[in-house]
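# Understanding the architecture of this molecule
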Amino acid sequence: NAGVTQTPKFQVLKTGQSMTLQCAQDMNHEYMSWYRQDPGMGLRLIHYSVGAGITDQGEVPNGYNVSRSTTEDFPLRLLSAAPSQTSVYFCASSYGWETGNTIYFGEGSWLTVV
Amino acid sequence: GQQLNQSPQSMFIQEGEDVSMNCTSSSIFNTWLWYKQDPGEGPVLLIALYKAGELTSNGRLTAQFGITRKDSFLNISASIPSDVGIYFCAGHSGGSNYKLTFGKGTLLTVNP
């Protein structure tokens, strides 16, 4: 988990509230992404970015927004939280897909929407 | 979308036993990755495979990239209590989209 920092670690929201999960990496990685992990579902890609100013949707993007204004930061925004967004969220970063590179994950953010 | 079937879902073994788990895909992958996740932590990469047929070891762990490019397996030899956790396979189909598809995980419990 070296170099990928997520905040907050835990958060409880009320339905309809908004919040931003922060992700920062200090490894000058081009690629950053957000996954959510639900019991029995593995990790599912929400949004990803291949560089500053470039973002794209993953497998489950609805209800989430992202932006990539700098190489280091990739925040995930929930504009109007819903109970279905209760999950564990992981940010990940990678330098690229050349042999020897890998994806590093943050330690996770536990979100509960009540 | 691409589907990854990972099996078994869970395993309960005795310390010292060998373990095997595998993933199969409905489509071809160019990269296979195996991760381990400890409770309350993010996934950590164990082994990366980049060529069909490739067999790679990392200590007591061995993984192979299937020749058809649609499957991969992970073996753990002589299991120890700290092997407990969830193991995930992940595949990448190539290109610059950087999208990984994850299996649903194998929960491993090791009885001392």
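Worth saying up front: this structure is predicted, and the values here are computed from it rather than measured.

Residues and elements named next belong to chain A. If you walk through the whole model with that rule in mind, you get two disulfides over all chains. The partner cysteine of Cys23 in its disulfide is Cys91, sulfur to sulfur 1.8 Å. Judged by the torsion about the S-S bond (-75°), the Cys23/Cys91 disulfide is left-handed. With Cys23 in strand S3 (residues 19-25) and Cys91 in strand S9 (residues 87-94), the pair connects residues that are 68 residues apart, well separated along the chain. As far as the burial class goes, Cys23 and Cys91 line up, both buried.

Residues and elements named next belong to chain A. Among the eight residues of strand S4 (residues 31-38), eight are classified as buried, and the element is accordingly described as predominantly covered. Here S4 shows no split at all, with Tyr31, Ser33, Tyr35 and Gln37 on one side and Met32, Trp34, Arg36 and Asp38 on the other all buried. Pairing of S4 with S9, which is carried by seven bridges, proceeds in the antiparallel orientation. Considered in S9, the bridge of Tyr35 is made with Phe90. Judged from the seven bridges that link them, S4 and strand S5 (residues 42-51) form a sheet pairing that is antiparallel. Looking at S5, one finds that Gln37 is bridged to Leu43. Linking two consecutive strands that pair antiparallel, namely S4 and S5, is a turn of three residues; a positive phi of about 75° is found at Gly40 within it.

It is worth spelling out the side chain of Gln25 of chain A at this point. All names here are of chain A. Among the structural elements, Gln25 can be located in strand S3. Judged by its relative accessible area of 2%, Gln25 is buried. A polar side-chain atom of Gln25 sits 3.0 Å from the main-chain carbonyl oxygen of Thr71. Apart from the residues lying within four places of it in its own chain, the contact partners of Gln25 are Gly3, Val4, Met32, Arg68, Thr71, Glu72 and Ser93.

Inspection of the entire model under this criterion finds 11 aromatic pairs over all chains. With a centroid separation of 6.5 Å and an interplanar angle of 70°, the aromatic rings of Phe90 of chain A and Trp110 of chain A are classed as edge-to-face. Note that Phe90 of chain A is positioned in strand S9 and Trp110 of chain A in strand S11 (residues 109-113), a separation of 20 residues in sequence. Through pairs of rings, three or more aromatic residues link up here, namely Tyr35 and Phe105 of chain A together with Tyr35, Phe88 and Phe102 of chain B. Over the aromatic face of Phe74 of chain A sits the side chain of Arg68 of chain A, whose NZ or CZ is 6.0 Å from the ring centroid.

All right, on to the sheet that holds strand S7 (residues 64-66) of chain A then. Residue and element names in this part refer to chain A. Read across the open sheet, the four strands follow the order S1-S3-S8-S7; overall the sheet is antiparallel. Lying at the two open borders of the sheet, with one neighbouring strand each, are strand S1 (4-7) and S7. Strand-to-strand twist in this sheet, taken as the mean axis angle between neighbours without regard to direction, amounts to 20°. Pairing between S3 and strand S8 (residues 76-78): three bridges, direction antiparallel.

Criteria and thresholds
Residues numbered from 1 in each chain as written. Chains lettered and ligands numbered in written order. Predicted model: local features only at pLDDT ≥ 70, side-chain atom pairs only at ≥ 80, totals over all residues. Heavy atoms only, no water. Disulfide = S-S within 2.5 Å. Helix = DSSP H or I, 4+ residues; strand = E, 2+ residues; numbered from the N terminus. Buried < 20%, exposed > 50% of the residue type's maximum accessible area, 1.4 Å probe, protein only. Pairing = 2+ DSSP bridges. Polar contact = N/O pair within 3.5 Å; in protein donor to acceptor, adjacent residues only side chain to side chain. Contact = heavy atoms within 4.5 Å. Phe/Tyr/Trp six-rings, centres within 6.5 Å; stacked < 30°, edge-to-face > 60°. Lys NZ or Arg CZ within 6 Å of the ring centre and 35° of its normal. Axes fitted to C-alpha atoms, helices over the stretch in contact; angles between N-to-C directions.

Coordinates in, geometry out; function isn't part of it.
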